Amino acid sequence: MIELPDPTFERIDSRAGLDAGVDRILPLGRRRILVFETSLGPAWNRAERIAVLRQFFLDSRRGEIRFLLHDPQSVYARNPRVVELLRRFSHMMTIHQTPHQAKAVYDPFVICDERHYIHRFHFNRGFGTLAIDDAIGAETLFERFEELWSNSEPAISATTLGL
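Report follows, based on the coordinates. (Residues numbered from 1 in each chain as written. Predicted model: local features only at pLDDT ≥ 70, side-chain atom pairs only at ≥ 80, totals over all residues. Heavy atoms only, no water.)

### Looking at the pattern of salt bridges
According to the stated counting rule, one finds 13 salt bridges in the structure shown. For the salt bridge of R32 with E64, the shortest nitrogen-to-oxygen distance reads 2.7 Å. With a gap of 32 residues between them, R32 in strand 2 (residues 32-37) and E64 in strand 3 (residues 64-69) connect regions that are remote in the sequence. Residue classification places R32 among the partly exposed residues on the basis of a relative accessible area of 22%. Taking the relative accessible area as the measure of exposure, E64 reaches 24% and is therefore partly exposed. Across the salt bridge formed by R115 and D133, the nearest N and O atoms sit 2.1 Å from each other. Separated by 18 residues along the polypeptide, R115 in the loop between strand 5 (109-112) and strand 6 (116-120) and D133 in the loop between strand 7 (128-132) and helix 5 (135-150) bring together distant segments of the chain. With a relative accessible area of 36%, R115 lands in the partly exposed category. (Salt bridge = Lys/Arg side-chain N within 4 Å of Asp/Glu carboxyl O. Helix = DSSP H or I, 4+ residues; strand = E, 2+ residues; numbered from the N terminus. Buried < 20%, exposed > 50% of the residue type's maximum accessible area, 1.4 Å probe, protein only.)

What follows is the structure in structure tokens.
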């Protein structure tokens, strides 16, 4: 029988703490990173965070990053580095938009490998929980993500067509 490490939890009580928590768990991802957010804030465009995501792609040929957003158009407006990452790694990265009926889901989260996560309790607040090695809590969030994902639509492609 494989023994799992004991989970650790931290209470987060500021937006800066939430951003720092995301920066702590992203490097722990080896196979899959799932992001459910209203929109991508400026922290997702920071060179340091993009470098971590790029390294994830380079280290894991079968890895995937999926973004599920209420407002995906913010990616074009505020996150050119994310768009460039999508162009370069479109076979491993996807951005979808939640359906209209899911706009009431208000608690964003990031999950890495169904073991580590940061869960914000409300998109307008800076409070949440960071969990390391919590497979049970991560599984619950993973199931919510998959349910939302199954009803979502592709929102941003690696190529932009236009006139």
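Anyway, onward from the coordinates.
### Some remarks on the packing of aromatic side chains
With the rule as written, the count across this model stands at six aromatic pairs. When the centroid spacing of 5.4 Å and the interplanar angle of 85 degrees are considered together, the rings of W44 and F67 count as edge-to-face. One end of the pair, W44, is in the loop between strand 2 and helix 2 (47-59); the other, F67, is in strand 3, with 23 residues separating them in the sequence. Both residues of the pair, W44 and F67, belong to the buried class. Measuring from ring centre to ring centre gives 5.6 Å for F145 and W149, while their planes differ by 20 degrees; the resulting arrangement is stacked. Here W149 and F145 lie together in helix 5, a separation of four residues that amounts to about one turn. Joined through ring pairs, the aromatic side chains of F36, F109, F145 and W149 make up one cluster. (Phe/Tyr/Trp six-rings, centres within 6.5 Å; stacked < 30°, edge-to-face > 60°.)

### Observations concerning the nonpolar core
If you look at the biggest cluster of nonpolar residues, it comprises 31 residues, and the most contacted ones within it are I33, W44, F67, I95 and V110. The set of elements that each furnish at least two residues to this core consists of helix 1 (15-25), strand 2, helix 2, strand 3, helix 4 (80-88), strand 4 (93-97), strand 5 and strand 7. In contact with I95, not counting residues within four places along its chain, are F67, L69, P72, V75, V82, L86, P154, A155 and I156. Core analysis: the next-biggest nonpolar cluster, separate from the first, contains 15 residues, A102, V105, Y117 and L141 among them. (Core = buried A, V, L, I, M, F, W, Y, C linked by side-chain atoms within 4.5 Å. Contact = heavy atoms within 4.5 Å.)

### Topic: the sheet that holds strand 4
One open sheet accounts for eight strands, arranged 1-7-6-5-2-3-4-8; its pairing is mixed. Edge positions in the sheet fall to strand 1 (8-12) and strand 8 (153-156), since each of these pairs with one other strand and no more. For this sheet the average axis-to-axis angle between neighbouring strands, irrespective of direction, equals 20 degrees. Bridge count between strand 2 and strand 3: six bridges; the pairing is parallel. Its bridge partner being in strand 3, L34 is matched across the sheet by R66. Those strands touched by helix 2 are strand 2, strand 3 and strand 4, and its axis lies near 135 degrees from that of strand 3. Most of the contacts of helix 5 go to strand 3, to which it runs at about 65 degrees, and overall it touches strand 2, strand 3, strand 4, strand 5 and strand 6. (Pairing = 2+ DSSP bridges. Axes fitted to C-alpha atoms, helices over the stretch in contact; angles between N-to-C directions.)

Structural measurements only, silent on function.
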